[in-house]
Amino acid sequence: DSGVTQTPKHLITATGQRVTLRCSPRSGDLSVYWYQQSLDQGLQFLIQYYNGEERAKGNILERFSAQQFPDLHSELNLSSLELGDSALYFCASSLRDTNYNEQFFGPGTRLTVL
Amino acid sequence: AQSVTQLGSHVSVSEGALVLLRCNYSSSVPPYLFWYVQYPNQGLQLLLKYTTGATLVKGINGFEAEFKKSETSFHLTKPSAHMSDAAEYFCAVSRGGSYIPTFGRGTSLIVHP
């Protein structure tokens, strides 16, 4: 158990809909990262927050947004969903935003868009 | 930009045989290097990492990796494979001012009895 929790575990929805994925980092970790994992794209970094502020952006679509709240939990919002958005979405956390800190990954949310 | 190449999307070994998973990176400055493992239906977890110091790094579950700067490689090895080692393995690199590691595409390790 990494100490990172993600809800829900599975999510099935239809095209055009909007969903919210939730992540609680390990106790004490200030940095949260979101990743998308799919068979064809591998593990893609989406966005990072550090202590409530956006720190880095990766290959995140404009239809996607995220935020980190004062209690450090984070939410990833996916809107106008398309079939291609079906993937595993991971949240990870680390103590700080240094590049030598390991990341602790949650179990993921499997999103299926029908 | 940094990149990570994992040679072989699948590696198959017999139980008890040597495990060798290859990782090469491109980086103009000394990198920080990581190996993560992902078991079925789970998130990634850290096996080992190299930051500075000794180039041979020992990790969990009997795995180790050696940082070879001249070859820009960080291959993962284990002397004797166990059935429980069957999983997806990811090499990752971060460097300089980038706090975000770049992950390789992953190598699926298959262990035959």
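Being a predicted model, the structure only gives us computed values, none of them experimental.

1. Points about the overall build of chain A
Piece 1. Scanning chain A from N- to C-terminus turns up zero helices and 11 strands.
Piece 2. Start at the N end of chain A and walk to the C end: the helices and strands fall as β-β-β-β-β-β-β-β-β-β-β.
Piece 3. Computed over the C-alpha atoms, the radius of gyration of chain A is 13 Å, within 12% of the 13 Å expected from 2.2 N^0.38 for a compact globule of 114 residues.
Piece 4. The principal-axis extent of the C-alpha atoms belonging to chain A is close to 35 × 30 × 25 Å.
Piece 5. By residue count, 54% of the 114 residues in chain A fall in the buried class.
Piece 6. By sequence separation, contacts in chain A at least 24 residues apart represent 55% of the contacts at least 6 residues apart.
Piece 7. If you sum the accessible surface of chain A, you get close to 5400 Å²; carbon and sulfur atoms cover 48% of it.

2. A word on the packing of aromatic side chains
Piece 1. For the structure shown, the criterion picks out 12 aromatic pairs over all chains.
Piece 2. Pairing A:F105 with B:Y36 gives two aromatic rings, centres 5.7 Å apart and planes at 75°, and the pair type is edge-to-face. Here B:Y36 lies in strand β4 (residues 32-38) and A:F105 lies in strand β10 (residues 104-105), a pairing that spans two chains. B:Y36 carries the same exposure label as A:F105, and that label is buried.
Piece 3. Taken together, A:Y35, A:F45, A:F90, A:F105, B:F34, B:Y36 and B:F103 form an aromatic cluster joined through their ring pairs.
Piece 4. The ring of A:F104 carries the charged tip of A:R26 above its face, separated from the ring centre by 3.6 Å.

3. A look at the environment of A:F64
Residue and element names in this part refer to chain A.
Piece 1. Of note, F64 is situated in strand β7 (residues 64-68).
Piece 2. In this structure, the C-alpha to C-alpha distance between F64 and N77, residues 13 residues apart in sequence, is 5.6 Å.
Piece 3. Beyond its immediate sequence surroundings of up to four residues, F64 is in contact with Q36, N77, L78, S79, D85 and Y89.

4. Some words on the sheet that holds strand β7 (residues 64-68) of chain B
All names here are of chain B.
Piece 1. Pairing in this open sheet of five strands is antiparallel, and the strands run β1-β3-β8-β7-β6 from one edge to the other. Of all the strands in the sheet, the pair left with one neighbour each is β1 (3-7) and β6 (56-58). In this sheet, neighbouring strand axes are inclined to one another by 20° on average, regardless of whether the strands run parallel or antiparallel.
Piece 2. Bridge analysis of strand β3 (residues 19-26) against strand β8 (residues 73-78) gives four bridges, and the strand direction is antiparallel. Bridge pairing in β8 links V19 to K78.

5. A short note on the pattern of salt bridges
Pairs may arise between side chains of opposite charge once their charged atoms sit close together.
All names here are of chain A.
Piece 1. Counted under the stated rule, the structure contains six salt bridges over all chains.
Piece 2. With a closest N to O distance of 2.9 Å, R26 and D29 form a salt bridge.
Piece 3. For D29, a relative accessible area of 1% puts it in the buried group.
Piece 4. One salt bridge in this structure joins R63 and E82, with 3.7 Å as the shortest N-O distance. Of this pair, R63 sits in the loop between β6 (53-57) and β7 while E82 sits in the loop between β8 (74-78) and β9 (87-94); the two residues are 19 residues apart in sequence, bridging distant segments of the chain.
Piece 5. Judged by its relative accessible area of 43%, E82 is partly exposed.

6. Observations regarding the environment of A:A87
Residue and element names in this part refer to chain A.
Piece 1. Relative to the helices and strands, A87 resides in strand β9.
Piece 2. Measuring from C-alpha to C-alpha, the distance between A87 and N59 comes to 14 Å, with 28 residues separating the pair along the chain.
Piece 3. The residues touching A87, leaving out its near neighbours within four places in the chain, are Q36, Q37, S38, T109, R110 and L111.

Parameters and conventions
- Residue numbering note: each chain is counted from 1, following its sequence as written.
- All chains are assigned letters beginning at A, and all ligands numbers beginning at 1, according to the order in which they are written.
- Given that this is a predicted model, residues contribute local features only at a pLDDT of at least 70 and side-chain atom pairs are listed and counted only at 80 or more, while totals for whole chains, interfaces and linings are drawn from all residues.
- Side-chain numbers here rest on the full set of heavy atoms in the structure, without hydrogens or water.
- Secondary structure elements are taken from DSSP: a helix is a run of H or I of four residues or more, a strand is a run of E of two residues or more, and numbering for both begins at the N terminus.
- Only the C-alpha atoms count toward the radius of gyration. The rule for a globule is 2.2 Å times the residue count to the power 0.38.
- Summary of the burial criterion: residues with accessible area below 20% of their type's maximum are buried, those above 50% are exposed, and those between are partly exposed, where the area comes from a 1.4 Å probe applied to protein chains only.
- By definition in these notes, contact holds between two residues if any of their heavy atoms fall within 4.5 Å.
- For the accessible areas, the method is Shrake-Rupley and the probe is 1.4 Å, while residue cover comes only from the protein chains on display.
- By convention, a stacked pair of Phe, Tyr or Trp rings (six-membered ring in the case of Trp) has centres within 6.5 Å and planes under 30 degrees apart, an edge-to-face pair has planes over 60 apart, and any other such pair is tilted.
- The rule for a charge over a ring is simple: NZ of Lys or CZ of Arg within 6 Å of the ring centre, and within 35 degrees of the ring normal.
- In this analysis, strands are considered paired if DSSP registers two or more bridges between them.
- As a rule, the C-alpha atoms of each element are fitted with a line to give its axis, helices using only the stretch in contact, and angles between N-to-C directions run from 0 to 180 degrees.
- By definition, a salt bridge exists where a carboxyl oxygen of Asp or Glu is found within 4 Å of a side-chain nitrogen of Lys or Arg.

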